[in-house]
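Breakdown of the fold
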Amino acid sequence: MGEFRMPSLGADMEEGKLVQWKVQPGDAVKRGDIIAIVHTEKAEIEVEVFESGIVDRLLVQPGALVPVGTVLAILRTDEKGATAVTPAVAPPPKPAGEARPRISPLARKMAAELGVDLSAVQGTGAHGAIEKSDIEHAASLQRAKLAPPLAQPLAVAPSPPSSAEAYQGMRRAIAAAMARSNREIPHYYLETQIDMSVPLRWLEAANQQRPVQQGLLPVVLLLKAVAHALGEVPELNGYWKDDRNEPQKDVHIGFAISLRQGGLIVPALLDAGRKSLDELMAAMADLIQRTRAGRLRSSEITDGTITVTNLGDRGVETVYGVIYPPQVALVGFGRITERPWADKGVLGVRPVLTATLAGDHRATDGRRGAQFLESLTRWLQQPEKL
Amino acid sequence: MTDTPQELEITYRDAVREAIRAAMHADERVFLMGEDVGKYGGCYAVSKGLLEEFGPDRIRDTPLSESAFVGAGIGAAMRGMRPIVEIMTVNFSLLALDQILNNAATLLHMSGGQFNIPLVIRTATGGGRQVAAQHSHSLEGWYAHIPGIKVLTPATVSDARWMLDTALRDPDPVLIFENAGLYNMKGTLPADGSPVEIDRARIHRPGRDITVITYGAGLWKAVEAAETLAREGIEAEVIDLRTLRPLDQETFLNSVARTHRALIVDDAWRSGSISAEISARIMENIFYELDAPVERICGAEVPAPYPKHLEQASLPQAETIVKTVQRMVQRRG
């Protein structure tokens, strides 16, 4: 028997409201399946199950507000139970005559990249096939739905309570995490200027090879360079727990995403180190879209090992961040701006980025932090290796 | 104003003749032999006047034995000559298939690299001229199956004029398939043309909505269809393969990866054709770029009919290409 409990979806989450069950007693579930939706101060989160088995009983009704750790459901995890019940919950055979939908290979690929749900797309190609134009159409509808005109924000608040109430809830959650950070974490700050002419030139050339909608943004290079630099300075990637630093093997970069109605969420780009630039770009677009739609997975909320905040698009030059506990570092990027730059005795104009590191002095010292910024700079000067 | 014309208008037939004349003037090892190429001036009048200009040693009429005179050409090439052997039609070339496949294509390999065969074979191919089922087929795709030779299919007067030159410089056997339906076609040539590469396809007409891949006579049907389609806003990219072996897949794969749709137009029979090979390469290499199934318009799988209406019905036509493309690029309302 296994217990499925109300998860902790943030450093200071104390309770959560069960919004919806995605399973019924008797359903077979496997590790990673989304089985419930939980409402927190910040957003509605799709919660994954961590064990495979059969749902035995649901203990909490939708609508109930329960403390973190409360058992929500009981799973039967023993082999016998699982195999015995599985056939009963196999998907019913499709009614005769319902053909497999025609979806072009390109459309399938694009749908995956753009996060389009193929089952909701109406094909307009020959014989009703779903083609590229149908995916583009669906993606633009989806965007329109997610990014409403600013004039009517109230109509589209992602959470059930009124948007003002939701906003207050979010502020309280941010307040708790940031106050704890400032109270407990002795921050140190380092700052460096990075000449971005090499990476930006490379990016321009790389984007000429790509269709416009698959173009890479500079931030993807920054994220990838952060992941590589963490490989060289792993102490910055992890958690301060029980009075010791616990570096993590995988790099899950928490990426600060501001919400249109105010506030922010820091979901993680899972496994950023192993993703190619294109995969990272697609993952980021998908994450931003789902964050703003309030459709994040629990692992994305809880698994971040470091945070990156990029305020460059707001015109800010330097970011001094507040670390998100229990993480031990935060990397800040400002605006890339043209500045006078002396190199080998020659003064020129270069696009320059200010990168900062906020480090937890309990976990690392300034020297290690400096090595991180040095490594970050070096990686950015060889964008073809990112 | 200058008196020298920038371009000259010329028929495909005259372009081929000019190519042979120029090659014979440039290199005394070059000679032409085949059935009726001398006194009669060639079955399609390609070599008309060459006997008078170059004499019977270099413009040689042969007996009606394709196997014998292609074999003689292989021997001459091995001994250092640069023969151009004309086979009257592609159907007759089957009598020389043993020489082409078992000797010309093979000897370099079997001699351990000692003997290369710098032979050029020209032959007329293609249907649509009401000369019935023993003179009308398109068998160049078969030859493209054979490693060791090159298979050229000039479709433009420019390629008719300049491919021969490059073919004669090639150290190995090159077969040139001239579509007999194109001999009367007029086109323009720059006055200062020069030899062309023979291992690259060419985008004949750029477009963004679909790639039409074709060669030989198919090119002009595809171009006519593309012009009709352009009037309704569909921009078809037309690729002239130019050479069936080696097959320049890079050009058509890049194009299809851009347009996401491919239609292959081939006068030859569908089963086991070069169009099948092209389709397979698209699937193998860029499956995930496809937005619609690859389609083919090929010749009907019958012996070429003699009656005009039946023969035309058996071959790909511009209207069929237009209708197929319209269906393939069907737009959302």
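Now for a look at the structure at hand. (Residues numbered from 1 in each chain as written. Chains lettered and ligands numbered in written order. Predicted model: local features only at pLDDT ≥ 70, side-chain atom pairs only at ≥ 80, totals over all residues.)

Attention now moves to the nonpolar core. Residue and element names in this part refer to chain B. The biggest cluster of nonpolar side chains holds 105 residues, and the ones touching the most others in it are V212 and V325. Considering every element that reaches this core, the biggest residue donor is helix α8 (residues 217-231), with eight residues. Shared between two domains, this core takes at least three residues from each, and those domains are domain 1 (7-190) and domain 2 (202-328). Discounting chain neighbours no more than four positions away, the residues touching V325 are I210, A225, L229, I234, A236 and L263. (Core = buried A, V, L, I, M, F, W, Y, C linked by C-beta atoms within 7 Å. Buried ≥ 20, exposed ≤ 12 C-beta atoms within 10 Å, placed from the backbone. Helix = DSSP H or I, 4+ residues; strand = E, 2+ residues; numbered from the N terminus. Domains from an automatic or database assignment. Contact = placed C-beta atoms within 7 Å.)

Residue and element names in this part refer to chain A. At a minimum axis separation of 8 Å, helix α6 (residues 218-232) and helix α9 (residues 366-380) run at an interaxial angle of 130 degrees. By the angle between their axes, α6 is oblique relative to α9. The two elements α6 and α9 meet at a crossing, and its hand is right-handed. Here L221, A225, V226, H228, A229 and E232 of α6 lie close against α9, whose contacting residues are F372, S375, L376, W379 and L380. (Axes fitted to C-alpha atoms, helices over the stretch in contact; angles between N-to-C directions. Parallel < 35°, antiparallel > 145°, perpendicular 65-115°, else oblique. Left-handed = near helix turned anticlockwise from the far one by under 90°.)

Another aspect to go through is the interface of chain A and chain B. The extent of an interface is frequently quoted as the accessible surface area lost upon association of the parts. Contact residues are listed per partner, giving 14 residues for chain A and 13 residues for chain B. A class-by-class count of the residues in the side of chain A that touches chain B yields five nonpolar, five polar and four charged. (Nonpolar A, V, L, I, M, F, W, Y, C, P; charged D, E, K, R; others polar.)

The next thing to look at is the sheet that holds strand β8 (residues 71-76) of chain A. All names here are of chain A. In space, the four strands of this open sheet follow the order β1-β8-β6-β3, with antiparallel pairing throughout. Two strands bound the open sheet, and with one partner strand each, they are β1 (2-5) and β3 (28-29). By the bridge criterion, four bridges tie β1 to β8 in an arrangement that is antiparallel. Looking at β8, one finds that E3 is bridged to I74. (Pairing = 2+ DSSP bridges.)

Another point: unusual backbone geometry. In this chain, A:P325 is followed by A:P326 through a cis amide linkage whose omega measures 5 degrees. Tracing the backbone through its elements, the reader meets A:P326 in the loop between β17 (306-310) and β18 (329-333). Geometrically, the link from B:R245 to B:P246 is a cis peptide bond, its omega value of -5 degrees lying close to zero. Note that B:P246 resides in the loop between β12 (243-245) and α9 (249-259). For A:D243, which is not glycine, the phi torsion reads 65 degrees and is therefore positive. Assignment of secondary structure puts A:D243 in the loop between β10 (238-241) and β11 (244-247). Using a count of 6 C-beta atoms within 10 Å as the deciding quantity, one classes A:D243 as exposed. Backbone geometry places B:Q130, a non-glycine residue, at a positive phi of 55 degrees. Exposure remark for B:Q130: the 14 C-beta atoms within 10 Å place this residue in the partly exposed category.

Okay, the environment of B:I10 next. Residues and elements named next belong to chain B. With respect to the helices and strands, the residue I10 is situated in strand β1 (residues 7-11). A residue is classified by how many C-beta atoms lie within 10 Å of it, and I10, with 20 of them, is buried. With 177 residues separating them along the chain, I10 and G187 place their C-alpha atoms 5.6 Å apart. With sequence-adjacent residues up to four places away left out, I10 is seen in contact with A15, V157, K186, G187 and L189.

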